[in-house]
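Descriptive structure summary
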Amino acid sequence: MPIVFQKTRGLTDNETHYCPGCTHGIIHRLVGEVLEELGVLDQAIGVAPVGCSVLAYNYFNCDMHEAAHGRAPAVATGIKRVRPENIVFTYQGDGDLASIGTAEIVHAAHRSENITTIFVNNAIYGMTGGQMAPTSLPGQRTTTSPYGRDPKQVGFPIRIAEMLATIPGATYVERVAVDTPGNVRKAKAAIKRAFETQIKGEGFAIVEVLSTCPTNWGMDAPTALNWLRENMIPYYPIGKYRDPAEEE
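This one's a predicted model, so the numbers in the text were calculated from it and none came from an experiment. (Residues numbered from 1 in each chain as written. Predicted model: local features only at pLDDT ≥ 70, side-chain atom pairs only at ≥ 80, totals over all residues. Heavy atoms only, no water.)

Orientation of helix H1 (residues 24–37) relative to helix H7 (residues 181–199), taken along the N-to-C sense of each, is 45 degrees, at an axis distance of 9 Å. Between H1 and H7, the angle falls in the class oblique. Helix-helix and strand crossings are classified by hand; for H1 and H7 the assignment is right-handed. Here Ile26, Leu30, Val31, Glu33, Val34, Leu35 and Glu37 of H1 come into contact with H7, specifically with Val184, Ala187, Lys188, Ile191, Lys192 and Phe195. Of the residues belonging to the contact of H1 with H7, the class tally is 9 nonpolar, no polar and 4 charged. (Axes fitted to C-alpha atoms, helices over the stretch in contact; angles between N-to-C directions. Helix = DSSP H or I, 4+ residues; strand = E, 2+ residues; numbered from the N terminus. Parallel < 35°, antiparallel > 145°, perpendicular 65-115°, else oblique. Left-handed = near helix turned anticlockwise from the far one by under 90°. Contact = heavy atoms within 4.5 Å. Nonpolar A, V, L, I, M, F, W, Y, C, P; charged D, E, K, R; others polar.)

Once that is clear, we can look at the sheet that holds strand E4 (residues 116–121). What the 7 strands build is an open sheet, ordered E2-E1-E3-E4-E6-E5-E7; its pairing is mixed. Of all the strands in the sheet, just strand E2 (63–66) and strand E7 (239–242) have a single pairing partner and so form its edges. Between one strand and the next, the sheet's axes are offset by a mean angle of 20 degrees, whatever the strand orientation. Taken strand by strand, H1 contacts strand E1 (44–48), strand E3 (87–93), E4 and strand E6 (204–210), and its axis lies near 175 degrees from that of E3. Sheet strands touched by H7: E3, E4, strand E5 (170–177) and E6. Its angle to E5, the strand with the most contacts, is close to 165 degrees. (Pairing = 2+ DSSP bridges.)

Simply put, disulfide is the name for a covalent bond between the sulfur atoms of two cysteines. Taken as a whole and judged by the stated rule, the model has 0 disulfides. Free cysteine: Cys52, not disulfide-bonded; nearest cysteine sulfur from Cys213 at 6.1 Å. (Disulfide = S-S within 2.5 Å.)

Turning next to the packing of aromatic side chains. Applying the stated criterion across every chain, the model contains 6 aromatic pairs. Aromatic pair Phe60 and Phe89: ring centres 5.6 Å apart, planes at 85 degrees, arrangement edge-to-face. With Phe60 in the loop between E1 and E2 and Phe89 in strand E3, this residue pair connects regions lying 29 residues apart in the sequence. For the residue pair Phe60 and Phe89, the accessibility class agrees, reading buried in each case. Taken together, the ring pairs connect Phe60, Phe89, Tyr91 and Phe195 into an aromatic cluster. Positioned over the ring face of Tyr235 is Arg159, at 3.7 Å from the centre of the ring. (Phe/Tyr/Trp six-rings, centres within 6.5 Å; stacked < 30°, edge-to-face > 60°. Buried < 20%, exposed > 50% of the residue type's maximum accessible area, 1.4 Å probe, protein only. Lys NZ or Arg CZ within 6 Å of the ring centre and 35° of its normal.)

For H7, with 19 residues, the first-to-last C-alpha span of 27 Å sits near the 27 Å given by 1.5 Å per residue. For H7, the full list of buried residues reads Asn183, Val184, Ala187, Ala190, Ile191, Arg193, Ala194, Phe195, Thr197 and Gln198. Downstream of H7 by one or two residues, Gly201 has phi in the positive range, about 70 degrees. (Expected span 1.5 Å × (residues − 1).)

Time to look at the pattern of salt bridges. Within this structure, the stated rule accounts for 15 salt bridges. Here Arg175 and Glu208 are joined by a salt bridge, their closest N and O atoms 3.2 Å apart. Here Glu208 lies in strand E6 and Arg175 lies in strand E5, a separation of 33 residues in the sequence. When its relative accessible area of 1% is taken as the criterion, Arg175 is described as buried. With a shortest N-O distance of 3.3 Å, Asp179 and Arg229 are connected by a salt bridge. A residue pair is termed long-range when its members are at least 10 positions apart, and Asp179 in the loop between E5 and H7 and Arg229 in helix H9 (residues 221–235) qualify at 50 residues. We classify Arg229 as partly exposed; its relative accessible area is 30%. (Salt bridge = Lys/Arg side-chain N within 4 Å of Asp/Glu carboxyl O.)

Below, the structure is given as structure tokens:
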């Protein structure tokens, strides 16, 4: 009987630690599939910082490096400059990239470092207990904003894709979601395009992926997917923000 579907070689056989309904697993698979399909899996080096992605080295079937909280772009920069023949990527959450690591990602984009960043935005600090993140929505309740995020007190959520798209060195910027099969396919295409940007030596590429956190949102998985569609996508519109192919 012919094989019609199988696990990508880009992932290990380790059992996941992610909560039920978490869409990190989907994003992992997309990255693994893309690395395998592009034929660069054996050249790939991933960098994971602190947060829900901290154990990514257990799942991606390539060389991995651990970075301090928020410092993955700096570590990836060092690796890529020393080993330019390798395909270097960071896998970061919003509590990491959009908070303690904001300066790191902004300056990596300004320098147009030839790396790829997968940015998982679930609008909350997942691993550390559900605190308000820089991406938590106005009115969103978290353990540190039990009455809802008040922009007058703590400011508005950061739109990373829009911000980085204003930087000339940010070659490819796209925001996607993994809430439906159709959006999952679009997310894979964006991740593939981001890695192709690096392969071609075109500079910095980032894909922001809207993801769910059912545990810290206090929802079951189907409700969390609906909440993402109804609340996150209107505030964080999906689509391309920078693409050299469309600027030619």
